[in-house]
Amino acid sequence: MNIRIYKEEEIAQMRKACQLARNVLLFIEPHIKDGASTESLDDLCAHFIAEHGATSATLGYRGFPKSTCISVNNVVCHGIPGSYKLKNGDIVNLDVTVILDGWFGDTSKTFIVGSTTKLAERLVKVAEDALYEGIKSVKPGGYFGDIGKAIQKFVDKHGFSIVRDYCGHGIGQLFHDEPVILHYASGDQGEQILPGMFFTIEPMINAGSFKTKVQKDGWTATTVDKSLSAQFEHTIAVTDNSTEILTL
Ligand code: MF3
Ligand code: CO
Ligand code: CO
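Residues numbered from 1 in each chain as written. Chains lettered and ligands numbered in written order. Predicted model: local features only at pLDDT ≥ 70, side-chain atom pairs only at ≥ 80, totals over all residues. Heavy atoms only, no water.

(A) Geometry of empty space enclosed by the protein. This model, assessed by the stated rule, comprises 1 cavity of 30 Å³ or more. Considered as a void within the structure, the largest cavity measures approximately 50 Å³ in volume. For the lining of the largest cavity, the element with the highest residue contribution is strand β8 (residues 177-181), accounting for 3 residues. Split into classes, the residues belonging to the lining of the largest cavity amount to 6 nonpolar, 1 polar and 3 charged. (1 Å grid on protein atoms, 1.4 Å probe; cavity = no way out; pocket = protein on both sides within 12 Å on 5 of 7 lines; lining within 4 Å. Points joined across faces, edges and corners; volume = space filled by probe spheres on them. Helix = DSSP H or I, 4+ residues; strand = E, 2+ residues; numbered from the N terminus. Nonpolar A, V, L, I, M, F, W, Y, C, P; charged D, E, K, R; others polar.)

Right, dumping it as structure tokens:
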């Protein structure tokens, strides 16, 4: 494997792209409410991204038709924004990747529309905490396998499952670069984590089985058992003696 090591100066550019991606999520939050169609949210994000001199990395990516992925309830990831209108109690992940001056910033968050069930609330909280457990496990000199181990230990305690079909990834001047980052314990320690590496951690956590399937549109991944799924994602940088969450 050949994991790119970026120069120290390059982190500043990555920071800008990642902060813009984060700002998309801050901008869209108040619009996520009962009655809003997912395509209306996508349109708002598309305008915001353009106004800030960036482009969406997902629009046209392998034929993906929209500027964001919006994944509601039992949709695990890669939901295509459309005419579906959010309703009270839905949990909805909005995943945005921007390209700013050639640098990619990738982040996502699961929002709750109005108020929801205790189960859904707990799932969303566990998914967010799982991301931070993964991030905490990252140490320069450590191994990529530490991330999945940490997330698995945490999620198992809560009785939820971790999606295996989609992973985190290297990022920087490419969208999906090496390495593949597993969010579950695979028994493989993986490559060493070194300063100058940029990658995402983005665990998808299901209330039921970890199994997923892709719908006929070729993108929308759902849970096989129709259980709820939640996800949070950050892009992080490894520095000489620590890590920086670029999309915080
Ligand atoms: N942003 C997603 C990720 O976290 C990838 C979306 S690719 C798309 O890696 F084509 F579905 F948009
Ligand atoms: Co990603
Ligand atoms: Co993403």
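Here the narrative resumes.
(B) Representation of the coordination of the cobalt ion (ligand 2) in the model. Listed as protein donors to the cobalt ion (ligand 2) are D106 (OD), H169 (NE2), E202 (OE) and E233 (OE); their distances from the metal cover 2.0 to 2.2 Å. Because the angles between the 6 donor atoms bound to the cobalt ion (ligand 2) fall within 51 to 161 degrees, the donor set is best described as irregular. One chain supplies every donor for the cobalt ion (ligand 2), spaced along it as D-x62-H-x32-E-x30-E. (Donors = N, O, S within 2.8 Å, 3.2 Å for Na, K, Ca; no water. Tetrahedral: all angles 85-135°; square planar, octahedral: opposite > 155°, others 65-115°.)

(C) Layout of the coordination of the cobalt ion (ligand 3). Ligation of the cobalt ion (ligand 3) by protein atoms is provided by D95 (OD), D95 (OD), D106 (OD) and E233 (OE), these donors lying 2.1 to 2.4 Å from the ion. Taken together, the 6 donor atoms surrounding the cobalt ion (ligand 3) define angles of 57 to 164 degrees at the centre, an arrangement classified as irregular. In primary-sequence terms, the residues that donate to the cobalt ion (ligand 3) follow D-x10-D-x126-E. A separation of 3.3 Å is found between the cobalt ion (ligand 3) and the cobalt ion (ligand 2), which share D106 as a coordinating residue. Taken together, the residues span a long stretch of sequence, with D106 in strand β5 (residues 103-112) and E233 in the loop between β13 (229-231) and β14 (234-238) at a distance of 127 residues. Take D106 and E233: they sit in the same class, and that class is buried. (Buried < 20%, exposed > 50% of the residue type's maximum accessible area, 1.4 Å probe, protein only.)

(D) Representation of the sheet that holds strand β10 (residues 204-206) in the model. With antiparallel pairing, 3 strands are arranged side by side in an open sheet as β6-β10-β13. Looking at which strands have only one partner, the edges of the open sheet turn out to be β6 (161-162) and β13. Direction of pairing for β10 relative to β13: antiparallel, over a ladder of 3 bridges. Along β13, the bridge assignment pairs N206 with S229. (Pairing = 2+ DSSP bridges.)

(E) Molecular detail of helix α2 (residues 38-51). Compared with the 20 Å implied by 1.5 Å per residue over 14 residues, the 20 Å span of α2 between its first and last C-alpha is a close match. Those residues of α2 lying buried are T38, L41, D42, C45, F48 and I49. End-on, the buried residues of α2 take up no more than an arc of 125 degrees, which puts them together on one face. Structural note: α2 exposes H47, A50 and E51 on the side pointing more than 90 degrees away from its buried face. Residues of α2 that are buried sit in contact with α1 (10-28), β1 (55-56), β2 (69-72) and β4 (91-100). G53 sits one or two residues past α2 and shows a positive phi near 75 degrees. (Expected span 1.5 Å × (residues − 1). Arc of directions from axis to C-beta. Contact = heavy atoms within 4.5 Å.)

(F) The arrangement of the pairing of β5 in detail. Burial within β5 is extensive, with 8 of its 10 residues counted as buried. Examined bridge by bridge, β4 and β5 share 10 bridges and lie antiparallel to one another. Within β5, the residue paired with L100 across the bridge is W103. With antiparallel pairing between neighbouring strands as the criterion, β4 and β5 make up a hairpin whose turn holds 2 residues, including D101 at a positive phi of roughly 50 degrees.

(G) Inspection of the nonpolar core at higher detail. Of all hydrophobic cores here, the largest spans 35 residues; its most connected members are I32, V92, L94, V96, V98 and F198. Broken down by element, this core gets its largest block of residues, 9 residues, from α1. If we ignore the near neighbours within four places in the chain, the residues touching I32 are L41, L86, V92, F111 and V113. Residues V124, V126, I193 and V238 belong to the second largest nonpolar core, which totals 29 residues. (Core = buried A, V, L, I, M, F, W, Y, C linked by side-chain atoms within 4.5 Å.)

(H) Here's a closer look at the sheet that holds strand β12 (residues 221-223). Reading across from one edge, β3-β12-β11 is the order of the 3 strands in this open sheet, with antiparallel pairing throughout. Each having just a single partner strand, β3 (75-77) and β11 (212-214) make up the two edges of the open sheet. The average angle at which neighbouring strand axes cross in this sheet is 40 degrees, direction not considered. With 3 bridges joining them, β11 and β12 adopt antiparallel strand pairing. In the sheet register, T212 faces β12, and the bridge partner there is T223. (Axes fitted to C-alpha atoms, helices over the stretch in contact; angles between N-to-C directions.)

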